[in-house]
Amino acid sequence: MTLEDMEIHQMDVKIAFLNGKLEEEIYMEQLQGFMHQGGEHLVCKLHNSLYGLKQSPRAWNQKLDVFLKSIKFMKSEADPSVYVAQVGDVKFFIVVYVDDLILVCND
Amino acid sequence: MPCVFLGCYEGTKTYHLMCVETKRIIISRDVVSIEQSKDIGGVPHFEKEKNVVLHEEVEVEQPLTFSRDTILNETRMEGVQSESTPSSSSEEEFVVSNDNPSSEPSQDVPRERPQRQRREWLRDWWIATKEVERTTVAFLEEPQNIKEALTCENSKEWECAMQEEYDSLMTNNTWTLVPLLVDRKPISCKWVFKIKQGANGEVERYKVRLVARGFTQTYGVDYNETLRRLQRLHLFIVFLHW
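Residues numbered from 1 in each chain as written. Chains lettered and ligands numbered in written order. Predicted model: local features only at pLDDT ≥ 70, side-chain atom pairs only at ≥ 80, totals over all residues. Heavy atoms only, no water.

Undergrad: Which parts of the structure should I look at to understand the overall build of chain A?
TA: The helix and strand tally for chain A stands at 1 helix and 7 strands. Classification of the 107 residues of chain A by burial places 46% in the buried group. Considering only contacts within chain A whose residues lie at least 6 apart along the sequence, 51% involve residues at least 24 apart. About 6000 Å² of surface is accessible on chain A, with carbon and sulfur atoms providing 54% of the total. (Helix = DSSP H or I, 4+ residues; strand = E, 2+ residues; numbered from the N terminus. Buried < 20%, exposed > 50% of the residue type's maximum accessible area, 1.4 Å probe, protein only. Contact = heavy atoms within 4.5 Å. Areas by Shrake-Rupley, 256 points an atom, 1.4 Å probe, with all protein chains shown as cover.)

Written out as C-alpha cells, the structure is:
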C-alpha cells in the first residue's frame, strides 16, 4: 500500500446470508411454535436465503457480484474474489472473502 | 545456564533446549527469554540456572546438528527456588468463578472443592483451564431444542428472542405460505439457541436463530450449484498484511 500510496479499509457485512435471493424453489416445513392457525397443511416457500441451506453462500455471493458489477466493478479473470474499478486515475480494488471485504484505493 | 532454543513439540508443553557448555539437550518449561541479542559462537542462546534440574536431561552421543532456522528466540532459564513460591494467597484467585448465575442452583449446601496442588511448572496454564471450565458450564445451559427453551427457567427471554427472529424473517419476506406440491418433500428447519456472553461471562443477550437443515435438501431438486470459488484465502491474507 505504501508503494502506490493507497488507502485500505476493511469491512464485514452483517447477516450476509439472509440477503441472498434463491433461484431454486425450496419448500420448508412451518416453524415449530409458529404454526399458522388453520393452515397446518401449508408449507413455507422460500424466497430469501436462510442459514443452513446448501446454496446460502452462493446466493450471497451472487447478490454481491451483481451489486458490485452494477457499480462498475469488474471481476478479475485470474481471481474471482477480486474486483477492480477505475475512475480516471483512481483505482479501486475489492477483495471478497464470503462476507468480509477489503477495499483498497489510491486516493 | 545458557541454552539454545531448539523448538517446541506439538502436543507437549515443554521447550527443548541445548545447553551451550555441556552440549546436552534439556527438556523444560522453566524458561525465560532474553530479549537483548547476545551471541555465543555466532548462535543466539538461552540461560538456565545451574542448581535447578527439573526434568531429565538427555545425553546426546553424536555432535549436534541443528538448523539455525529452528532458533526462534533467546531465553534465560530461571530457577523455581529463587522465586517465592506462590502459596495460599494466590490460591484464592482461582476460586472466584462461582459468581456465574444459576450455574449451581443448590447454594444452601456449599460444596467443598478439592484443593489441588498445582504443579509449579504448569502455573501459567492454570488460568486458561479455569476459563475453559467456566465457559463450558455456561454452554450447558443453552436449550437444545424448542421444548427445552420453553420449559427452562429463562423461557420468557427465549420466547422473546424467538418472536424477534420470527418478526425479522417476516419483514424480510423470507417466505410465503403455500400448499405443498404432491411430488415435493419440504425440508426441515430448527431453532438454535445461544447465550451471548460478555467478557466476564455475564449474560449479554439471548439469541435465537432459525436454520434450515440443509442436509435434508435433495441435489437437483432443492439445489444445483453451491459454492463459488472462495478458496483464495491466501490472496485475502496478502492484502491484509499489506
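Picking up after the structure, the text goes on.
Undergrad: Is there a simple way to think about the pattern of salt bridges in this case?
TA: Tallied over the entire structure, the rule returns 5 salt bridges over all chains. What you see here is one network of salt bridges that share partners, running through A:Asp65, A:Lys69 and A:Lys75. (Salt bridge = Lys/Arg side-chain N within 4 Å of Asp/Glu carboxyl O.)

Undergrad: How should the sheet that holds strand S3 (residues 42-48) of chain A be read in this particular structure?
TA: As a general point, the strands of a sheet are linked pairwise by backbone hydrogen bonds and lie either parallel or antiparallel. One open sheet holds the 3 strands; their spatial order is S2(A)-S3(A)-S9(B), and the pairing between them is antiparallel. If you trace the sheet from one side to the other, it starts and ends with strand S2 (21-28) of chain A together with strand S9 (175-179) of chain B, each paired once. Taking each pair of neighbouring strands and ignoring which way they run, the sheet shows an average axis angle of 25 degrees. Summarising the sheet, S3(A) and S9(B) pair through 5 bridges and their orientation is antiparallel. The residue of S9(B) that forms the bridge with A:Leu46 is B:Trp175. (Pairing = 2+ DSSP bridges. Axes fitted to C-alpha atoms, helices over the stretch in contact; angles between N-to-C directions.)

Undergrad: Can you help me understand the packing of aromatic side chains in this one?
TA: Aromatic rings in a pair are described by how distant their centres are and how their planes are angled relative to each other. All names here are of chain B. Counted by the stated rule, this structure contains 6 aromatic pairs over all chains. Measuring from centroid to centroid gives 5.9 Å for Phe5 and Tyr15, while their planes differ by 65 degrees, and the two rings are edge-to-face. On the criterion of sequence distance, the pair formed by Phe5 in strand S1 (residues 3-8) and Tyr15 in strand S2 (residues 15-19) is long-range, its members being 10 residues apart. What makes Tyr15 partly exposed here is its relative accessible area of 28%. Between Trp158 and Tyr206, the aromatic rings sit 4.9 Å apart at their centres with planes inclined by 85 degrees, giving edge-to-face as the arrangement. (Phe/Tyr/Trp six-rings, centres within 6.5 Å; stacked < 30°, edge-to-face > 60°.)

Undergrad: Would you take a moment to explain the side chain of A:Asp65 for this structure?
TA: Residues and elements named next belong to chain A. Here Asp65 lies in helix H1 (residues 56-70). Here Lys75 takes part through its side chain, which lies 3.3 Å from a polar atom of the side chain of Asp65. Once residues lying within four places of it in the same chain are set aside, the contact partners of Asp65 are Lys75 and Tyr83. (Polar contact = N/O pair within 3.5 Å; in protein donor to acceptor, adjacent residues only side chain to side chain.)

Undergrad: Looking at this model, I keep getting lost on the interface of chain B and chain A. Mind explaining?
TA: A common way to report how large an interface is uses the accessible area buried once the components associate. Each partner contributes to the interface: chain B provides 46 residues, whereas chain A provides 46 residues. For the pair chain B and chain A, the summed buried surface comes to about 4600 Å²; carbon and sulfur atoms form 66% of the total. Linking chain B to chain A there are 0 salt bridges. On the surface where chain B and chain A come into contact, there are 13 residue pairs in polar contact (both at pLDDT 80 or more). Elements represented by at least two residues in the side of chain B that touches chain A include exactly helix H4 (155-171), S9, strand S10 (189-197), strand S11 (203-212) and helix H5 (233-241) of chain B. Considering only residue class, the side of chain B that touches chain A consists of 28 nonpolar, 10 polar and 8 charged. (Buried area = accessible area lost by both parts, 1.4 Å probe. Nonpolar A, V, L, I, M, F, W, Y, C, P; charged D, E, K, R; others polar.)

Undergrad: Just to check I follow, could you spell out unusual backbone geometry for this structure?
TA: Residues other than glycine predominantly adopt negative phi, and peptide bonds predominantly adopt the trans conformation. In this structure, A:Lys72 is a non-glycine residue whose phi angle is positive, near 70 degrees. Secondary-structure assignment places A:Lys72 in the loop between H1 and strand S4 (74-75). For B:Lys23, which is not glycine, the phi dihedral falls at a positive 55 degrees. Residue B:Lys23 is classed as partly exposed on the basis of its relative accessible area, which comes to 47%.

Undergrad: Got a minute to help me understand the environment of A:Glu29 in this structure?
TA: Along the polypeptide, A:Glu29 turns up in the loop between S2 and S3. Residues A:Glu29 and A:Leu42, spaced 13 residues apart in sequence, show a C-alpha to C-alpha distance of 8.1 Å. If we ignore the near neighbours within four places in the chain, the residues touching A:Glu29 are A:Cys44, B:Pro186, B:Ile187, B:Ser188 and B:Cys189.

Geometric values such as these leave the question of function open.
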